[in-house]
Amino acid sequence: MDLRTPVTELPTVRGPVARGLDRLRIRTVRDLLFFFPHRHEDRRVIVPVRDVRPNATVVVRGVLRDVRAEQGFRRYRRGARRVVVTSARIEDATGSLPVRWFHQPYLAQTYPEGTPVYLAGSVNAQGKLLVPEVERDRPGHDPLHVARLVPVYPETAGVTSRLIRFLISRALPLAAHLREYLPATVKEAEGLVDFPVAVSDIHFPKDPAALSRARERLAFDELFLLQLAALVRKAARHAEAAPALPVSRPALAGVIASLPFSLTPSQRDALDAILADCARSVPMARLLAGDVGAGKTVVAGLVARAGAAVGGQTAFLAPTEILAAQHAR
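Because the structure is predicted, anything quoted here is derived from the model rather than measured. (Residues numbered from 1 in each chain as written. Predicted model: local features only at pLDDT ≥ 70, side-chain atom pairs only at ≥ 80, totals over all residues. Heavy atoms only, no water.)

(A) How the structure looks around the overall build of the chain. Within the chain, the regular secondary structure consists of 11 helices and seven strands. Over its C-alpha trace the chain gives a radius of gyration of 32 Å, far above what one expects of a compact globule, namely 20 Å for 329 residues. By principal-axis analysis of the C-alpha atoms, the chain measures approximately 95 × 50 × 40 Å. Taking as baseline every contact in the chain between residues at least 6 positions apart, the subset at least 24 positions apart corresponds to 61%. Carbon and sulfur atoms provide 54% of the accessible area of the chain, an area that totals close to 19,800 Å². Distance between charge centres in the chain, computed from 46 positive and 32 negative side chains, equals 6 Å. (Helix = DSSP H or I, 4+ residues; strand = E, 2+ residues; numbered from the N terminus. Rg over C-alpha atoms; globule rule 2.2 N^0.38 Å. Contact = heavy atoms within 4.5 Å. Areas by Shrake-Rupley, 256 points an atom, 1.4 Å probe, with all protein chains shown as cover. Lys, Arg positive; Asp, Glu negative; His and termini not counted. Charge placed at Lys NZ, Arg CZ, Asp CG, Glu CD.)

(B) Region of interest: the nonpolar core. By size, the foremost hydrophobic cluster in this structure holds 33 residues, and its most contacted members are Leu-21, Leu-32 and Leu-33. Of all the secondary structure elements, the ones that give two or more residues to this core are α1 (15-23), α2 (29-33), α4 (161-171), α6 (195-203) and α7 (208-238). For this core, the element with the highest residue contribution is α4, accounting for five residues. Ignoring any residue separated from it by four or fewer positions in sequence, one finds Leu-33 in contact with Leu-3, Ala-171, Leu-172, Leu-174, Ala-175, Val-199 and His-203. Core analysis: the next-biggest nonpolar cluster, separate from the first, contains 18 residues, Leu-107, Leu-119, Val-123 and Val-134 among them. (Core = buried A, V, L, I, M, F, W, Y, C linked by side-chain atoms within 4.5 Å. Buried < 20%, exposed > 50% of the residue type's maximum accessible area, 1.4 Å probe, protein only.)

(C) Structural view of the layout of surface pockets. The computed volume of the largest pocket comes to approximately 970 Å³. Looking at the lining of the largest pocket, the elements with two or more residues in it are α3 (107-110), β5 (116-123), β6 (129-136), α4 and α6. Partitioned by chemical class, the residues of the lining of the largest pocket number 14 nonpolar, eight polar and 12 charged. The volume enclosed by the second largest pocket comes to roughly 660 Å³. (1 Å grid on protein atoms, 1.4 Å probe; cavity = no way out; pocket = protein on both sides within 12 Å on 5 of 7 lines; lining within 4 Å. Points joined across faces, edges and corners; volume = space filled by probe spheres on them. Nonpolar A, V, L, I, M, F, W, Y, C, P; charged D, E, K, R; others polar.)

(D) Region of interest: the environment of Val-63. Within the secondary structure, Val-63 sits in strand β2 (residues 57-76). Among the residues examined, Val-63 registers a relative accessible area of 22% and is labelled partly exposed. Once the C-alpha coordinates of Val-63 and Gly-114 are considered, the two residues, 51 residues apart in sequence, prove to be 5.5 Å apart. If sequence neighbours within four positions are ignored, Val-63 has contacts with Arg-89, Ile-90, Glu-91, Gly-114, Thr-115 and Pro-116.

(E) A nonpolar patch on the surface, seen in detail. A surface patch of nonpolar side chains, about 430 Å² in accessible area, is lined by Tyr-181, Leu-225, Leu-228, Leu-231 and Val-232. Turning to its location among the elements, Leu-225 is positioned in helix α7. (Patch = residues over 30% accessible without salt bridge, like charges linked within 9 Å, V, L, I, M, F, W, Y side chains within 5 Å. Salt bridge = Lys/Arg side-chain N within 4 Å of Asp/Glu carboxyl O.)

(F) Main features of α4. For α4, the full list of buried residues reads Ser-161, Leu-163, Ile-164, Arg-165, Leu-167, Ile-168 and Ala-171. Where α4 is buried, its residues contact α1, α2, β6, β7 (149-152) and α6.

(G) Region of interest: the environment of Phe-34. With respect to the helices and strands, Phe-34 occurs in the loop between α2 and β1 (39-42). On the basis of relative accessible area, Phe-34 is assigned to the partly exposed category, the value being 30%. Put simply, Phe-34 and Asp-269 are 235 residues apart on the chain and 46 Å apart in space, counted from C-alpha to C-alpha. Look past the residues within four positions of Phe-34 in its chain and what remains in contact with it is Leu-178, Phe-195 and Val-199.

(H) Region of the structure containing the environment of Arg-268. Its place among the elements puts Arg-268 in helix α9 (residues 265-278). Assessed through its relative accessible area of 32%, Arg-268 is described here as partly exposed. Taking the C-alpha atoms as reference, Arg-268 lies 43 Å from Glu-188; in sequence the two are 80 residues apart.

Put into structure tokens, the structure is as follows:
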């Protein structure tokens, strides 16, 4: 397996799961590694069963007892509905807590009597842990879905955060193969972690500090690459040729003198800068910014007049019909 391996070669990626991943634009292992979580849930604190209180969200660790799946009822606002209820108790050294899952009868076979597990979920007002996320407690194995900072991903039909976590955990060793492209001097000056480390820690950070460092690195990269792309486009533009329009301010003196107002210093500076660019033999790209009424239009108009003075043409565009009519007048 490498970064280009199709995700369909990973375990469990078949049928609806493969179609769901495709909807999320996850088609290769590289896509999977770059499918970042939108948040993390802090499930690091494991609560002893005796300290669990109603209406709380908790993570508990213990052994499942009295596991069974049977027909039952679940109450809704408009009454009750017959459902398959998987019930159990989770027991630790401090006590036991009733647990309920709905529509998941397979759990009774997957996690039979005596299975050591972690459970993460909400306790209702009656003191029952309802529909918790469950993970087997395996000695020597770090849990993936509980007892840590748990990544939560965008989901779609057939693809849950739990499944994405499982798939990314299988692909995560390949993050070490990602190429670091920032110079060491830049990383050192900005205090940034290595790129492979950031990609790994954005999924499964060891602590909040590692998550913060990963976010900082990836945010830096996003802005850096946008800036770099702009510089690349600018360099490509400067490599092109454009006809020079050698118009000087004195050539516009008569037009400027005919205006019913005097140009402000800022307007004069903007005009000089634009005319200087027009006189060069490379394409110009400028944004003239200013508040409403600052006089952007008169500067643009004078530049159009300068183009006409050397036999050129100008396309003078307006975003609304009202403004276009004002310009025409």
